[in-house]
Amino acid sequence: MKIGTKAIHAGVNPDPTTGAVMTPIYQTTTYAQKTPGDHKGYEYSRTHNPTRDALEKNLAALENGKHGLAFSSGMAATDTIAKLLEPGDEVISTNDLYGGTYRIFTKVYEPLGIKFQFVDMDNLEDISSAISPKTKMIWVETPTNPLLKVIDIRSVTELASQHGILVVVDNTFATPYLQNPLDIGADMVLHSVTKYLGGHSDVVMGAIVVKDDELAERLSFLQNSCGGIPSPNDCFLVLRGIKTLHIRLERHCQNAMKVAEFLKGHSKVDRVIYPGFKEHPGHEIAKKQMRGFGGMVSFVLQDESQDSVFSVLERLKLFTLAESLGGVESLAGHPSTMTHASIPKEEREKAGLPDSLIRLSVGIEDVDDLIADLNQALG
Ligand SMILES: *Cc1c(COP(=O)(O)O)cnc(C)c1O
């Protein structure tokens, strides 16, 4: 089955009791048992819920995995993966990482005795030389946020498998429409469902998809033990959102390319970062491992002063100045004071993230209106 068909049908069957075509919101905490232990597969909704089950099956199918797990947020999913680790273990991660992931690693798990190394994953040598016998996990985010670096997933998974290291890919930016890391050797795919999968900026949710049964069992155990599960109502909203994933992403990609080209031609813009450009250092890898270049565009103005950056952001009308990304509406953000403020300035500079960078989540509005808005804001 292809992705558009899976987005609409996977995991979703007419409800067995009523024939309802849309998966009902099973807003229940508990389930009747005939005699103790004799039930229909559902006991308590932290463990299983039919609405969540449908979504989890759908997510597993989209990522070509076997098991999907939905969480109350992307960070709850990250937290659950981090709980696979033990004191003394080491993790290698991208240096251009989602701010919240950097924060949980360095502020929550490092004090518990887990060591994190943040390396430039453009360079396989850097990963290779960071590997030690204690390395248990490599954490990849690609394209990265907000520098949109493209990391070659297959070369990372090939290296990791030589050392028996688990590879996690945060696939939030690419979505399963553009990239399926499990197909190229990753062990776990993580999503902030809050972004493109939900797609309508109305649900905070996370997900993990895996192929391996044992890994799935351990993650389900942690999910049930620690309790970071989403509500049935939110699962319904995401199932609904995913039905248009392929249509939305197609438009996100088209609009982003046009917006990026417009910005590149504007005299007040110094540089534009978009993996769809031939001159982007990760363009060839993106062509190889992705089916499109995504909806995120970053750019830097000629005048890098905070005044000029802030005034462009304030003048935008259609683009809303807000954190987050991946919804149908266009958003603009200033990573160094917003999404990435939890990363120290020295770390940001080391990773090549200037304070003057503006990040756009290009929505699916009519692109001429988006370009006109940027044009007036740039003045
Ligand atoms: C937003 C985001 C997260 C965190 O997800 P939440 O749903 O906000 O908890 C993780 N990774 C990336 C790439 C994100 O953009």
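The structure contained in this document is the topic of the report that follows. (Residues numbered from 1 in each chain as written. Predicted model: local features only at pLDDT ≥ 70, side-chain atom pairs only at ≥ 80, totals over all residues. Heavy atoms only, no water.)

**Points about the packing of aromatic side chains**
Stage number 1. Across all of its chains, the model carries five aromatic pairs by this definition.
Stage number 2. When the centroid spacing of 6.0 Å and the interplanar angle of 80 degrees are considered together, the rings of Tyr 274 and Phe 277 count as edge-to-face. Each member of the pair, Tyr 274 as well as Phe 277, is classed as buried.
Stage number 3. Site record: aromatic cluster; members linked through ring pairs are Phe 105, Phe 116 and Trp 139. (Phe/Tyr/Trp six-rings, centres within 6.5 Å; stacked < 30°, edge-to-face > 60°. Buried < 20%, exposed > 50% of the residue type's maximum accessible area, 1.4 Å probe, protein only.)

**Thoughts on the environment of Ala 332**
Stage number 1. Summarising the element assignment, Ala 332 is placed in strand S11 (residues 331-333).
Stage number 2. For Ala 332, a relative accessible area of 1% corresponds to the buried category.
Stage number 3. Linking Ala 332 and Ile 165, residues 167 residues apart in sequence, is a C-alpha distance of 37 Å.
Stage number 4. Beyond its immediate chain neighbours, meaning those up to four positions away, Ala 332 contacts Leu 313, Leu 316, Phe 319, Thr 320, Leu 321, Ala 322, Arg 359 and Leu 360. (Helix = DSSP H or I, 4+ residues; strand = E, 2+ residues; numbered from the N terminus. Contact = heavy atoms within 4.5 Å.)

**Topic: the sheet that holds strand S5 (residues 166-170)**
Stage number 1. The mixed open sheet is built from seven strands, whose spatial order is S1-S7-S6-S5-S4-S2-S3. With partners counted over all chains shown, the strands left at the sheet margins are strand S1 (67-71) and strand S3 (115-119), one partner each. For this sheet, the mean angle separating the axes of adjacent strands, direction not counted, is 20 degrees.
Stage number 2. With five bridges connecting them, strand S2 (residues 90-94) and S3 associate as parallel partners. Opposite Glu 90, over in S3, you have Lys 115 as the bridge partner.
Stage number 3. Here helix H3 (residues 74-82) sits on the sheet and contacts S1, strand S4 (135-141), S5, strand S6 (188-192) and strand S7 (206-210); the angle it forms with S6, its principal contact strand, is near 155 degrees.
Stage number 4. Against the sheet, helix H4 (residues 99-109) engages S2, S3 and S4, with an angle of about 150 degrees to S3. (Pairing = 2+ DSSP bridges. Axes fitted to C-alpha atoms, helices over the stretch in contact; angles between N-to-C directions.)

**Here's the deal with the site of the ligand**
Stage number 1. Surveying the vicinity of the ligand reveals 13 residues, the closest of which are Met 75, Asp 170, Ser 192, Thr 194 and Lys 195.
Stage number 2. Gly 74 is positioned such that a nitrogen or oxygen atom in its backbone is 2.9 Å from an oxygen atom of the ligand.
Stage number 3. Within the side chain of Ser 192, an N or O atom sits 2.8 Å from an oxygen atom of the ligand.
Stage number 4. Notes on the ligand: free accessible area 380 Å², of which the protein chains cover 93%. (Near = heavy atom within 4 Å. Polar contact = N/O pair within 3.5 Å; in protein donor to acceptor, adjacent residues only side chain to side chain. Areas by Shrake-Rupley, 256 points an atom, 1.4 Å probe, with all protein chains shown as cover.)

**Considering the nonpolar core**
Stage number 1. Ranked by internal contacts, the top residues of the largest apolar core, which has 68 residues, are Leu 55, Val 259, Leu 263, Phe 299 and Leu 360.
Stage number 2. Considering every element that reaches this core, the biggest residue donor is helix H10 (residues 245-264), with eight residues.
Stage number 3. Residue-level mapping places this core at the junction of two domains, with at least three residues from each of domain 1 (3-242) and domain 2 (246-378).
Stage number 4. Beyond its immediate chain neighbours, meaning those up to four positions away, Phe 299 contacts Leu 263, Val 269, Arg 271, Val 272, Ser 356, Leu 357, Ile 358, Leu 360 and Leu 378.
Stage number 5. Ranked by size, the runner-up nonpolar core spans 26 residues in total, among them Ala 76, Tyr 109, Val 168 and Leu 215. (Core = buried A, V, L, I, M, F, W, Y, C linked by side-chain atoms within 4.5 Å. Domains from an automatic or database assignment.)

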